[in-house]
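# A structural walkthrough
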Amino acid sequence: MKKKLFQNYNFDFNKNEKKLITTFCKQALKQMEGNDQYFGEVKAFSSVLEKINSNEETVKLTKDEKTRLSFQLKQNIDSISKQMKNSFFIKKWLMKSLFNQYTSLYNQHFKG
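Residues numbered from 1 in each chain as written. Predicted model: local features only at pLDDT ≥ 70, side-chain atom pairs only at ≥ 80, totals over all residues. Heavy atoms only, no water.

## Here's the deal with the nonpolar core
Of all hydrophobic cores here, the largest spans 26 residues; its most connected members are Ile21, Phe45, Leu69, Leu73 and Phe110. Per-element accounting of this core gives the leading share, seven residues, to helix α1 (residues 15–32). (Core = buried A, V, L, I, M, F, W, Y, C linked by side-chain atoms within 4.5 Å. Buried < 20%, exposed > 50% of the residue type's maximum accessible area, 1.4 Å probe, protein only. Helix = DSSP H or I, 4+ residues; strand = E, 2+ residues; numbered from the N terminus.)

## What to know about the pattern of salt bridges
Inspection of the entire model under this criterion finds four salt bridges. In this structure, the salt-bridge partner of Arg68 is Glu41, at a minimum N-O distance of 3.1 Å. On the criterion of sequence distance, the pair formed by Arg68 in helix α3 (residues 63–85) and Glu41 in helix α2 (residues 39–53) is long-range, its members being 27 residues apart. A relative accessible area of 24% means that Arg68 is categorised as partly exposed. The partner of Arg68 in a salt bridge is Asp64, and the shortest N-O contact between them spans 2.8 Å. With Arg68 and Asp64 both in helix α3, this residue pair falls four residues apart, about one helical turn. The partly exposed category is assigned to Asp64, whose relative accessible area is 39%. Beyond isolated ion pairs, a larger network of salt bridges with shared partners links Glu41, Asp64 and Arg68. (Salt bridge = Lys/Arg side-chain N within 4 Å of Asp/Glu carboxyl O.)

## Some thoughts on the confidence of the model for the protein chain
On average, the protein chain scores 89 in pLDDT, and the residues at 70 or more come to 94%. Element-level pLDDT for the protein chain is lowest in strand β1 (residues 10–11), with a mean of 90, against a maximum mean of 93 in α3. (pLDDT = per-residue confidence, 0-100.)

## What to know about the side chain of Glu65
Note that Glu65 resides in helix α3. According to the relative accessible area criterion, Glu65 is buried, its value standing at 6%.

## Side note on unusual backbone geometry
Phi is positive for Asn55, which is not a glycine, with a value near 65°. Within the element layout of this structure, Asn55 appears in the loop between α2 and β2 (59–60).

## Description of the environment of Val48
Relative to the helices and strands, Val48 resides in helix α2. Look at Val48 and you get buried, because its relative accessible area is 1%. Separated by 21 residues in sequence, Val48 and Leu69 have C-alpha atoms that sit 8.5 Å apart. Residues within four places of Val48 in sequence aside, it is in contact with Ile21, Cys25, Leu61, Glu65 and Leu69. (Contact = heavy atoms within 4.5 Å.)

## A look at α2
The first and last C-alpha atoms of α2 sit 21 Å apart over 15 residues, in line with the 21 Å expected at 1.5 Å per residue. Turning to α2, its buried residues number three or more, namely Glu41, Val42, Ala44, Phe45, Ser47, Val48, Leu49 and Ile52. Structurally, α2 contributes buried residues whose contacts are with α1, β2 and α3. Backbone geometry just after α2 places Asn55 at a positive phi near 65°. (Expected span 1.5 Å × (residues − 1).)

Below, the structure written as structure tokens:
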């Protein structure tokens, strides 16, 4: 099987996906902004946030931005999954919607 020579990092997000990614990036920036250890992540997430807020139909990400965003989404999915396993019914019910949104976004755009 041949490996693709060039990857396409253009994404067509719908309105809900854009809002979810915007919220996700803002939350990540709040958590990492003061720490110099996360300079690369802060730069990538702020760039993703700018591109999504530019109101263009197609969002063009760099390889680094796509990699960091997909990795953080996957980490969030795993974390929410673990929290849901160890929680009671009401917390599971509240977190299930967020879990489904992240999983859908990851599987549709970033998996593979």
